[in-house]
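A structural walkthrough
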Amino acid sequence: MNRSFHPPRRILMGPGPSDVHPRVLEALARPTIGHLDPAFVELMGEIKTLLQHAFQTKNAMTFPVSGPGTAGMESCFANLVEPGDTVIVCRNGYFGHRMQAMALRCGAEVVTVDAPWGRALDPHNLDDELAKHPAIRLVAFVHAETSTGVLSDAQALAEVARRHNCLTLVDAVTSFAGSPLDVDAWGLDAVYTGSQKCLSCIPGISPLTFSDRAVQAVRARKIPVQSWFMDLTEVEKYWGEGKPGYHHTAPINSLYALHVALLMLQKEGLEPAWARHRLHHEALRAGLESLGMTFIVPEAERTPQLNAVSVPEGVNEAKVRRRLLDEHGLEIGGGLGDFAGQIWRIGLMGYSSRAENILKCIEALEAVLQEEGVDIAAGRAVDEAERVLAEAPLV
Ligand SMILES: *Cc1c(COP(=O)(O)O)cnc(C)c1O
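First, a word on what this report is: a plain description of the structure on this page. (Residues numbered from 1 in each chain as written. Predicted model: local features only at pLDDT ≥ 70, side-chain atom pairs only at ≥ 80, totals over all residues. Heavy atoms only, no water.)

**Topic: the site of the ligand**
Inclusion rule: Only heavy atoms are used to decide nearness, and a residue is near a molecule or strand if one of them lies within 4 Å of it. Polar contacts here mean pairs of N or O atoms no more than 3.5 Å apart (in protein, one a potential hydrogen donor and the other a potential acceptor; neighbouring residues in sequence count only if both atoms are side-chain atoms). Surface accessibility in these figures is a Shrake-Rupley result with a 1.4 Å probe; residues are shielded only by whichever protein chains are displayed. Asp, Glu, Lys and Arg are counted as charged, while Ala, Val, Leu, Ile, Met, Phe, Trp, Tyr, Cys and Pro are counted as nonpolar; the rest, among them Gly, fall into the polar class.
As a matter of local geometry, the ligand sits amid P68, G69, T70, F95, V142, A144, T146, D171, V173, T174, Q196 and K197. Contacts to the ligand include G69, whose backbone N or O atom sits 2.9 Å from an oxygen atom. Within the side chain of T174, an N or O atom sits 3.1 Å from an oxygen atom of the ligand. Here the ligand has 380 Å² of accessible area as a free molecule, and 88% of this is covered by the chains. The residue makeup of the shell around the ligand, split by class, is five nonpolar, five polar and two charged.

**A closer look at the pattern of salt bridges**
To keep it simple, the criterion reads: Should a side-chain nitrogen of Lys or Arg be within 4 Å of a carboxyl oxygen of Asp or Glu, the pair is scored as a salt bridge. Think of it this way: any DSSP run of H or I at least four residues long counts as a helix, any run of E at least two long counts as a strand, and we number them from the N terminus.
Considering all chains together, one arrives at 23 salt bridges under this definition. Between R119 and E301 there is a salt bridge, with the nearest N and O atoms lying 2.8 Å from each other. Placement of R119 in the loop between β4 (109–114) and α5 (123–132) and of E301 in the loop between α11 (270–290) and β11 (306–310) is noted, with a sequence separation of 182 residues between them. Across the pair R276 and E268 runs a salt bridge, and its minimum N-O distance is 2.7 Å.

**Some details on helix α6 (residues 154–163)**
Note the threshold: We call a residue buried when its accessible area falls under 20% of the maximum for its residue type, exposed when it is over 50%, and partly exposed in between, using a 1.4 Å probe and counting protein chains only. Directions drawn from the helix axis to the C-beta atoms are what define this arc. The contact criterion used throughout is that any non-hydrogen atoms of two residues lie within 4.5 Å.
Within the sequence span of α6, burial applies to A154, L157, A158, V160 and A161. Along the axis of α6, the buried residues cluster in a sector spanning 160 degrees; they form a single face. The elements touched by buried residues of α6 are α5, β5 (138–142), β8 (167–171) and α7 (183–186). Of the residues that open α6, the one with a side-chain oxygen 3.2 Å from the backbone nitrogen of Q155 is D153. Once α6 ends, the next one or two residues include N165, with phi positive near 65 degrees.

**As for the layout of surface pockets**
Stated precisely, the cut-off is as follows: For each structure, a 1 Å grid was placed over the protein atoms alone; sets of points admitting a 1.4 Å probe that cannot get out are labelled cavities, open sets with protein on both sides within 12 Å along at least five of seven lines are labelled pockets, and lining residues have an atom within 4 Å of a point. Grid points are joined across faces, edges and corners, and a volume is the space filled by probe spheres set on the points.
One number sums up the size of the largest pocket: a volume of about 450 Å³. Taken together, 14 residues line the largest pocket, and the ones lying closest to its centre are P8, R9, R10, I11 and D19. Within the lining of the largest pocket, the residues separate by chemical class into nine nonpolar, one polar and four charged. In this model, the second largest pocket occupies a volume close to 350 Å³. Taken together, 17 residues form the lining of the second largest pocket, with L80, E82, D85, R137 and A217 sitting closest to its centre. Per-class residue counts for the lining of the second largest pocket are 10 nonpolar, two polar and five charged.

Below, the structure is given as structure tokens:
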């Protein structure tokens, strides 16, 4: 009880958190200054500009919520839902269900539009449901469902929502910085993400952006937002235009970390970052398929940063994950909800999405599965992954 904690060395290839870039960790250790210090206020301005770039938006209301991705999700629902509103929540995995639970707690009537776990949301089904409920003004959905590895077509869903005069509330926690996301061009209204997935940053911050339409909806509320902390009309006294005043003490050092992570993303470029995630997915996929695993999501609906594969017949999946952790220092994820015990979720997010990690993961899986009695030709899977990496243009 009198020794400080030294975490074991891990490679994080689960559904998040992912590996934090060393420069981000280094930024965390810089001295704390005041949250209203002029130097910090300058940093806040840079963070807002970098976030606008990463979200591809001009939205003035763009800032990092002090809290994990779930706090960003809750901020969106708390501000955009009033008791008695009817809203649509689309569900095709764990996080869609969490959205529904939040909307209910905000006092909404929730109409759900479901797709099976492991499949993308269908814009036609959304269209049909909106046609049945012309009073609905808000549609919520998850862009990249981390519980299943599915990427839905956010642009098409938003287009349907707009046609029915609805605002969109979009979870971009896993898609941000890993897959194309264009808030303004796609007309998304309230979008939140998380720092610990494809951004190579520490957990605990949730960048968020609100369109002018969404801000107007908050200002037009009949009753104040129940959560004082999350009420954007309060938060903007700190993060809004003009000289910041006290709202809460920002997580200063975490914001140093976020700033470095955003600078690195800007330097890499959004398109190269997406291409890197795509290429590494292809390489991992070649290796996993060579190990005899199958993806649970149809090819056109996969999100590259989260690879969900079925566990081979007769294999104790929890034991394999534990052995990967203990013997190889490698963390991968198991299944959630409908998929508990049936799948592995292998993340390639942010700083974790590197060629060396792909090869290490395939080698470790091959070794453990062989020892667990699965018949695998040694070395072939790594060759397959290396072939994909070698054929690709340098990223
Ligand atoms: C990780 C994740 C969240 C929650 O983020 P936390 O930081 O764990 O609160 C929300 N939505 C999706 C799609 C996620 O992957």
